[in-house]
Amino acid sequence: MLSPVKKRLRPVEASARGQAEVKFMDVRVYLVERKMGSSRRSFLTRLATSKGFRVEDVLSDEVTHVVAEDYLATQLWAWLQGHGLRDVSKLQVLDISWFTESMRDGRPVTVESRHLIQATSPPLPQCPSPTPVAQVSQYACKRRTTTENHNKMFTDALEVLAESSEFCENEGPCLAFLRSVSVLKSLSFAVGSLKATQGLPCLGEHTKAVMEEILMFGRCFEVEKIQCDERYQALKLFTGVFGVGPKTAEKWYSRGLRSLREILTEPNIKLNKMQRAGFLYYRDISKAVSKAEAKALGRIIEETVHSIVPDAILDLTGGFRRGKEYGHDVDFLLTTPEMGKEKGLLLQGILLYCEHQDSTFDVTKMPSYRFEAMDHFQKCFMILRLAEDQVEGGLQRDLGDTRCWRGVRVDVVVPPVDRYAFTLIGWTGSRMFVRDLRRFARKERQMLFDNHALYDKTKKLFLRATTEEDVFAHLGLEYVEPWQRNA
Ligand code: UTP
Ligand code: MG
């Protein structure tokens, strides 16, 4: 991985074009218009400048980041080299994915090798794909999905539509959009035309219309309209607070509240304990957690737990186990080799906030039919204090933040060791992968599967599993590695 683009504390400078303040002084972006088209380039330029990026009109030695779309690497490099720049090798020549991720995060994201357009690299694979589309399964658990998403421009838009449907309590359309997102994420090629999607499962008419618009105009007007919608913006803001779900957010919105400040100053609003912590540490926990920060937390929790039970087992799960570089929280599974000993494993001494739920697990109970059912094991939803010197390479820093610590959202679930494999699959996710694993079990194998157990309805018995491989084998599925479960 290349070193991150440094954010330095410098006086804010207004740009020459009189647009938003330039926040990232070390980054000067140049968008290559060829292939991208001038209207899309203008749109992306406006978007970037509104987020504090400096976008240059002209390619000069001042430019640090060149961003191109739908390029042929050899042609692009030939074009760059013919530009008479002092030192082309100093340029970061990047795929549009770096730009869209930076727009999403509101800051220049770390340049990774997958963003780079190498001078010698072949062009992006286009259709026909190495995996024929006819072989793409309707079940996410039968697809292999890494963190590399070749279709981000579509999936970002479709995720907005899914979220908006969720806010309107339209479960059907929400799930349909999430399913199409999942299929597109699994593809090993960038969809360049609607023809390339023929034969793919789960892509409905609405999804295809959105994709077509993006292919034609580089944007989707329906999505842009939603993003400007007052209700959508408010609900997104409110649900971004730890402990606030869509129902509470809707209640606040319908009372005329629009900002977090308004909620905090409204005397009639009573926040629960979780929401109070959510507001108190809002700035910290709305910031992504890095892999280094997650690893540091793993070491701290392990040390604390081992001081109580030396042979306790701790595993990092969630998105980090699937190979993600950043997450919204850090998820751990904790158990002890000896059954029953896991019951006393409560963490003390490092908690800023802890919502502890005791186990309500009933060994005689059938696995749940409901996909979103919470599991019954003992668990802790926490906010932990993570100090600068505990993290390799230090904490991620915001401009102006002089503290030497940050708060991080951490979940710890404690299943008994004989249920560990089921819980490990459930908490590794992704949500869609696990949801489809359960759907596959029920529809194709007449089995019920959840975070606690696997039940064979035909044989009328609970199936035992000590590893994740055992579970896949019971289901008659090829094993899928955690890093291939980013459905
Ligand atoms: P997360 O919401 O943490 O997702 O849940 P994630 O994949 O790690 O994503 P980021 O990076 O934090 O944003 C992790 C997994 O735990 C499961 C979810 O279904 C998800 O797959 N989970 C969560 C449960 O099984 N039970 C719960 O009660 C909560
Ligand atoms: Mg997580």
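All figures in this text were calculated on a predicted structure; none of them were measured in a lab.

Student: Honestly, helix 5 (residues 171–186) in this entry has me stumped. Any pointers?
Tutor: Think of an α-helix as 3.6 residues a turn; residues three or four steps apart then line up on the same face. Over its 16 residues, helix 5 runs 23 Å from end to end, which matches the ideal 22 Å to within 8%, given 1.5 Å per residue. Along helix 5, the positions that sit buried rather than exposed are C174, L175, F177, R179, S180, V181, S182, V183, L184 and S186. Looking at the buried residues of helix 5, the elements they touch are helix 4 (152–167), helix 6 (205–217) and helix 16 (431–445).

Student: Whenever I open this one, the site of ligand 1 confuses me. Can you help?
Tutor: Inspection of the region around ligand 1 gives 16 residues, with G319, K324, H328, D329 and N451 positioned closest. Within the side chain of D331, an N or O atom sits 3.0 Å from an oxygen atom of ligand 1. Between ligand 1 and the protein, one listed contact pairs an oxygen atom with a backbone N or O atom of G426 at 3.4 Å. Contact with the protein chains hides 83% of the accessible area of ligand 1, taken as 590 Å² for the molecule alone.

Student: Could you clarify how one ought to interpret the coordination of the magnesium ion (ligand 2) in this entry?
Tutor: For a metal bound by four donors in tetrahedral geometry, the ideal donor-metal-donor angle is 109.5 degrees, whereas six donors in octahedral geometry ideally sit at 90 or 180 degrees. Every protein donor of the magnesium ion (ligand 2) is listed here as D329 (OD) and D331 (OD), and their distances to the metal cover 2.0 to 2.2 Å. You can call D331 buried: its relative accessible area is 8%.

Student: I'm lost on the environment of Y455 in this one. Help?
Tutor: Counting through the fold element by element, Y455 comes out in strand 15 (residues 454–456). Classification of Y455 by relative accessible area gives buried; the value is 11%. Placed 89 residues apart in sequence, Y455 and M366 show a C-alpha to C-alpha distance of 7.1 Å. When near neighbours in sequence (up to four residues on either side) are disregarded, Y455 contacts M366, P367, Q446, M447, L448, K460, L461 and F462.

Student: Before we go on, may I ask you to explain the UniProt feature "binding site: Mg(2+)" (unreviewed entry) in the chain in this structure?
Tutor: Mapped onto this numbering, the UniProt entry gives "binding site: Mg(2+)" (unreviewed entry) at D329, D331 and D411. These residues run over 83 residues, yet every pair of their C-alpha atoms falls within 7.5 Å of each other. Turning to its location among the elements, D329 is positioned in the loop between strand 9 (326–327) and strand 10 (330–335). Residue D329 is classed as buried on the basis of its relative accessible area of 7%. Beyond its immediate sequence surroundings of up to four residues, D329 is in contact with V289, F320, R409 and D411.

Student: Looking at this model, I keep getting lost on the sheet that holds strand 16 (residues 461–463). Mind explaining?
Tutor: Pairing between sheet strands relies on hydrogen bonds along the backbone, with the strands arranged either parallel or antiparallel. The antiparallel open sheet is built from three strands, whose spatial order is 14-15-16. Strands with a single pairing partner mark the edges of an open sheet, and in this sheet they are strand 14 (447–449) and strand 16. Strand after strand, the sheet turns through a mean of 25° between neighbouring axes, direction not considered. Of the strand pairs in this sheet, strand 15 and strand 16 are connected by three bridges, and their pairing is antiparallel. Note on strand 16: the bridge partner recorded for Y455 is F462.

Student: Explain the pattern of salt bridges to me, please; I cannot follow it from the model alone.
Tutor: Pairing is possible between side chains that carry opposite charge, provided their charged atoms lie close to one another. A complete count under the given rule lists 27 salt bridges for this structure. Across the pair R104 and D105 runs a salt bridge whose closest N-O atoms are separated by 2.9 Å. The class of D105 is partly exposed, set by a relative accessible area of 33%. In this structure, R403 engages D284 in a salt bridge whose closest nitrogen and oxygen atoms are separated by 2.7 Å. In this pair, R403 sits in the loop between strand 12 (378–387) and strand 13 (405–414) while D284 sits in helix 12 (residues 282–285), placing the two residues 119 residues apart along the sequence. Overall, D284 belongs to the buried group, its relative accessible area being 3%. The network of salt bridges with common partners includes R283, D284, D401 and R403.

Student: What's the story with the side chain of T423 in this structure? I'm lost.
Tutor: Topologically, T423 is positioned in helix 15 (residues 420–428). Here the side chain of T423 touches N451 through a polar contact of 3.0 Å, landing on its backbone oxygen. Contact partners of T423, with chain neighbours within four places excluded, come to L333, F377, V413, P415 and N451.

Student: What is the right way to read the packing of helix 4 against helix 5 from this model?
Tutor: Axes are the key here: two packed helices are described by the angle between their axes and the distance separating the axes. Two elements in contact, helix 4 and helix 5, have axes whose closest approach is 8 Å; the angle formed by their N-to-C orientations is 160°. As summarised for this structure, helix 4 and helix 5 are arranged roughly antiparallel, according to the angle between their axes. For the pair helix 4 and helix 5, the sense of crossing is left-handed. Residues F154, T155, L158, E159, L161, A162, S165 and E166 of helix 4 form the contact with helix 5, whose own contacting residues are P173, C174, F177, L178, S180, V181, L184 and K185. Its residues assigned to classes, the contact of helix 4 with helix 5 shows 10 nonpolar, three polar and three charged.

Student: What's the story with a nonpolar patch on the surface in this structure? I'm lost.
Tutor: The grouping of M216, F217 and F221 at the surface amounts to a nonpolar patch, some 320 Å² of accessible area in total. In this fold, F221 is placed in helix 7 (residues 221–228).

The rules behind each value
- Residues numbered from 1 in each chain as written.
- Chains lettered and ligands numbered in written order.
- Predicted model: local features only at pLDDT ≥ 70, side-chain atom pairs only at ≥ 80, totals over all residues.
- Heavy atoms only, no water.
- Helix = DSSP H or I, 4+ residues; strand = E, 2+ residues; numbered from the N terminus.
- Expected span 1.5 Å × (residues − 1).
- Buried < 20%, exposed > 50% of the residue type's maximum accessible area, 1.4 Å probe, protein only.
- Contact = heavy atoms within 4.5 Å.
- Near = heavy atom within 4 Å.
- Polar contact = N/O pair within 3.5 Å; in protein donor to acceptor, adjacent residues only side chain to side chain.
- Areas by Shrake-Rupley, 256 points an atom, 1.4 Å probe, with all protein chains shown as cover.
- Donors = N, O, S within 2.8 Å, 3.2 Å for Na, K, Ca; no water.
- UniProt positions renumbered as here; feature names shortened; annotations may be inferred.
- Pairing = 2+ DSSP bridges.
- Axes fitted to C-alpha atoms, helices over the stretch in contact; angles between N-to-C directions.
- Salt bridge = Lys/Arg side-chain N within 4 Å of Asp/Glu carboxyl O.
- Parallel < 35°, antiparallel > 145°, perpendicular 65-115°, else oblique.
- Left-handed = near helix turned anticlockwise from the far one by under 90°.
- Nonpolar A, V, L, I, M, F, W, Y, C, P; charged D, E, K, R; others polar.
- Patch = residues over 30% accessible without salt bridge, like charges linked within 9 Å, V, L, I, M, F, W, Y side chains within 5 Å.

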